[in-house]
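Structural features, examined
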Amino acid sequence: MRITVNLSLTLLCALGMIPISLAASGKGNPEAGQKLYRESCQNCHGPTGKGDSDMAAYLTPPPANLTAKATQAKTDVQLRKVILEGRPGTAMTGYEGAFEEAQLADLIAYIRSLTS
Ligand code: HEC
């Protein structure tokens, strides 16, 4: 009995320590997402996701810093929407049809793993 109580307390603490952004990232696989990111997104958003690419100097507005609080505060649904629909008036084109649903989840999981 005592062991059970201790275990659940430990579990609760551990859960509490997981940042909400990670906990909310669902089933995506960040490693698979990183591969997709390198192929499709890194040119603009840069190797660390901070928008620190060579392309950035030529783009107005510059590519978003994906590690920024403003981006990380967005829900998965909001990120998914930007990725699929792009952002009109910017270089961010929509990727509708480019990724399977699971790949989108992987990409979002990778974005969640980026921290400033
Ligand atoms: C051609 C350059 C380019 C490529 C390639 C690109 N992006 Fe973007 N991205 C941008 C720009 C520019 C913005 C808009 C910045 C703004 O709104 O000020 C943006 C915005 C975003 C945002 C919104 C961030 C926010 O907080 O609003 C997300 C998420 C994003 N990109 C993810 C991706 C992903 C994932 C890929 C690859 C599948 C990708 N981008 C590929 C240029 C690019």
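Scope of this entry: the structure provided in the associated data block.

Conventions we followed
Residues numbered from 1 in each chain as written. Predicted model: local features only at pLDDT ≥ 70, side-chain atom pairs only at ≥ 80, totals over all residues. Heavy atoms only, no water. Phe/Tyr/Trp six-rings, centres within 6.5 Å; stacked < 30°, edge-to-face > 60°. Helix = DSSP H or I, 4+ residues; strand = E, 2+ residues; numbered from the N terminus. Buried < 20%, exposed > 50% of the residue type's maximum accessible area, 1.4 Å probe, protein only.

1. Re the packing of aromatic side chains
Tallied over the entire structure, the rule returns two aromatic pairs. Between Tyr 37 and Tyr 110 the ring centres are 5.2 Å apart and the planes differ by 55°, which places this aromatic pair in the tilted class. Residue Tyr 37 is located in helix H3 (residues 30-40), and its partner Tyr 110 is located in helix H7 (residues 101-113); the two are separated by 73 residues in the primary sequence. Residue class for Tyr 37 comes out buried when judged on its relative accessible area of 1%. Residue class for Tyr 110 comes out buried when judged on its relative accessible area of 8%. On the basis of an interplanar angle of 25° and a centroid distance of 5.7 Å, the ring pair of Tyr 95 and Phe 99 is categorised as stacked. Residue Phe 99 is classed as buried on the basis of its relative accessible area, which comes to 15%.

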